[in-house]
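The residues making up each chain are set out below.
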Amino acid sequence: MDVRNRIKSIMLGMAFAPLRHIFKPKKNLWLFGSDVGRKYAQNSKYLFEYVRDTHPEIEAYWITCSPDVFQELKLRGIPVLNNLSIKGAYYSHIAEIKIVSSWFNDILFTFPHQKLAYLMHGIAAKKVYYDNVLKKSVKISFISRVKSLLIKWFVYNYKLEYSCFSPVTSEFFKEKMVQAMRNNNVFVTGQPRTDAFLHLDAKAIRSKYGISNDQTIVSYMPTHRSYGLGDPPPHVFIDNPEAIRFFQENNIVFVWKQHINMLKKYQCREAPDCFKEMSFDYSVDPQELLFVSDVLITDWSSCFIDYMLLKKPILFYHYDDYEKEDNDVYFGADKLAKVGTICKTEQHLLSSIRQSLDKNSAFIPNISEWRFFNEFYDDKSSERSFKILQGMLSK
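Here's a quick rundown of the structure. Throughout, a residue's number is its position along its own chain's written sequence, starting from 1. For this predicted model, a pLDDT threshold of at least 70 governs which residues receive local features, and a threshold of 80 or more governs which side-chain atom pairs are given and counted, while totals over whole chains, interfaces and linings are taken from all residues. Here the side-chain values reflect all heavy atoms present in the structure, with hydrogen atoms and water set aside.

**Regarding the side chain of Lys126**
Quick reminder of the rule: Helix and strand definitions follow DSSP, with helices as H or I runs of at least four residues and strands as E runs of at least two, each counted in order from the N terminus. Relative accessibility thresholds used throughout: buried, under 20% of the residue-type maximum; exposed, over 50%; partly exposed, between the two (1.4 Å probe, protein chains only). By the counting rule applied here, Lys and Arg register as positive and Asp and Glu as negative, while His and the ends of each chain are not counted. Within this document, salt bridges are pairs made up of a side-chain nitrogen of Lys or Arg and a carboxyl oxygen of Asp or Glu, the two lying within 4 Å of each other. Any pair of nitrogen or oxygen atoms within 3.5 Å is treated as a polar contact; in protein, a donor-acceptor pairing is required on top of that, and neighbouring residues in sequence qualify only through side-chain atoms on both sides. The contact definition used throughout considers only heavy atoms, calling two residues in contact when any of these lie within 4.5 Å.
In this fold, Lys126 is placed in the loop between strand 5 (116–118) and helix 5 (142–154). For the buried residue Lys126, which engages in no salt bridge, the nearest side chain bearing the opposite charge is Asp299, 6.9 Å off. Polar contacts involving the side chain of Lys126 include one to the side chain of Thr223, which spans 2.9 Å. If sequence neighbours within four positions are ignored, Lys126 has contacts with Thr223, His224, Trp300, Tyr322, Asn327, Asp328, Val329 and Tyr330.

Here you go:
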């Protein structure tokens with residue numbers, strides 16, 4: 001959120017503060033948001049669409065701080081609210097429940113006395129929340145401390161312990177998230193966003209992102225470093241003539257999609273047309289990109305857990321000692337090696353891409369430990385999630 005919108009949110013919060021505890025929740029009014037109000041994506045989007053399609057008794061709205069997202073959804077006839085308007089702030093104070101994915105500030109004006117479901121940004125491979133200890137010290141200025149206090153008092157003040165529902169994909173992750181969130185409201189339902197894998201239209205998605213049907217898509221989707229404070233991942237292959245020649249000769253488009261936390265440090269570079277930069281395009285739905293990708297390259301990002309369901313090649317590019325220098329992880333590289341190939345160098349990564357695209361090599365991920373990562377592969381995750389939420393609200 002930019003400075004202007006941050007000031008506006010604080011002023012709106014101050015105006016509503018005297019009435020905050022007077023407002024009563026409006027039954028069946030559900031609000032959904034994601035990515036700090038900047039995008040229409042993530043688990044929230046897919047649960048929102050499920051609720052709209054199957055439960056007309058629920059008054060469901062998408063709520064956003066982005067004028068572009070607001071206008072796009074309005075033109076499509078999708079119920080949408082501007083979170084920085086008086087109406088949006090009011091609805092945020094009276095919603096029966098709010099449903100977010102990235103963090104609690106996906107929807108502004110959220111406080112401990114309200115019901116909130118935290119669907120998470122993805123299943124965590126790296127240690128998160130109360131389990132995570134940053135290995136690099138961070139200095140916080142006086143101004144930043146004051147700003148944080150104002151936001152806490154007037155814009156949002158929520159803790160993981162308050163969340164009434166979070167979905168995970170297996171019993172292993174349930175155990176870890178209960179511990180990491182200090183919250184027992186964690187359920188093995190699958191992620192709402194993976195329901196889409198059984199319904200998405202690959203041709204339509206390729207057309208949307210300007211990629212032709214005859215092109216092979218190799219996507220690089222690494223996680224953040226030190227929650228955005230570390231060095232950005234490399235522009236892999238951009239200075240590698242052998243790789244560029246291979247991509248061009250084989251009609252391959254190599255997509256860069258950096259983690260949203262890294263965008264303040266990440267810089268675009270001029271590149272040959274076989275590369276496609278999608279990091280700064282907020283209209284890109286990562287789930288759609290995963291669906292059309294022929295090969296996924298990541299590191300410790302949990303996107304591979306989703307991608308496993310598509311039964312396509314997964315490559316792990318471990319160019320640094322992430323788990324030693326940056327973030328502790330819930331399982332070691334030995335687990336990753338059972339679902340994909342681990343590469344330490346760019347040359348090994350290139351040879352692994354060649355192998356994964358060679359139809360004669362019969363290269364596929366080893367999914368012998370499927371249930372360790374994913375208990376379900378169906379389009380019922382949203383349904384399972386909705387039933388739990390409905391049950392909680394009816395108590």
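The rest of the description comes next.
**Observations concerning helix 15 (residues 381–393)**
How we decide: Residue count minus one, scaled by 1.5 Å, sets the expected span of a helix.
Relative to the 18 Å expected for 13 residues at 1.5 Å per residue, helix 15 spans 19 Å between its end C-alpha atoms, a close match to the ideal helical length. Of all the residues in helix 15, the buried ones are Ser381, Ser382, Arg384, Ser385, Phe386, Leu389, Met392 and Leu393. Those residues of helix 15 that are buried are in contact with strand 1 (26–32), helix 2 (42–54), strand 4 (95–100), strand 5, strand 6 (166–168) and strand 7 (186–188).

**Considering the sheet that holds strand 5**
Definition in use: Here a strand pair is declared whenever DSSP counts at least two bridges between the two strands. Only C-alpha atoms enter the line fits that serve as axes; for helices the fit covers just the stretch in contact. Angles between N-to-C directions range over 0 to 180 degrees.
Pairing in this open sheet of five strands is parallel, and the strands run 3-2-1-4-5 from one edge to the other. Two strands bound the open sheet, and with one partner strand each, they are strand 3 (80–82) and strand 5. Ignoring strand direction, the axes of neighbouring strands in this sheet form an average angle of 25 degrees. As paired elements, strand 2 (residues 59–64) and strand 3 share three bridges and run parallel to each other. The residue bridging Ile63 from the neighbouring strand is Leu81, located in strand 3. Here helix 4 (residues 86–94) sits on the sheet in contact with strand 1, strand 2, strand 3 and strand 4, set at roughly 100 degrees to strand 4.

**Considering helix 8 (residues 241–249)**
Our working definition: The arc in question is the one traced by the directions running from the helix axis out to the C-beta atoms.
Ala243, Ile244, Phe246 and Phe247 are the residues of helix 8 that are buried. For helix 8, the angular spread of buried residues about the axis comes to 165 degrees, placing them on one side. Facing away from the buried surface of helix 8 by more than 90 degrees, the exposed residues are Pro241 and Glu249. Its buried side turned inward, helix 8 meets strand 9 (252–256), strand 10 (275–277) and helix 13 (346–357). Here helix 8 starts with a cap whose side-chain oxygen sits 3.1 Å from the backbone nitrogen of Glu242, and that cap is Asn240.

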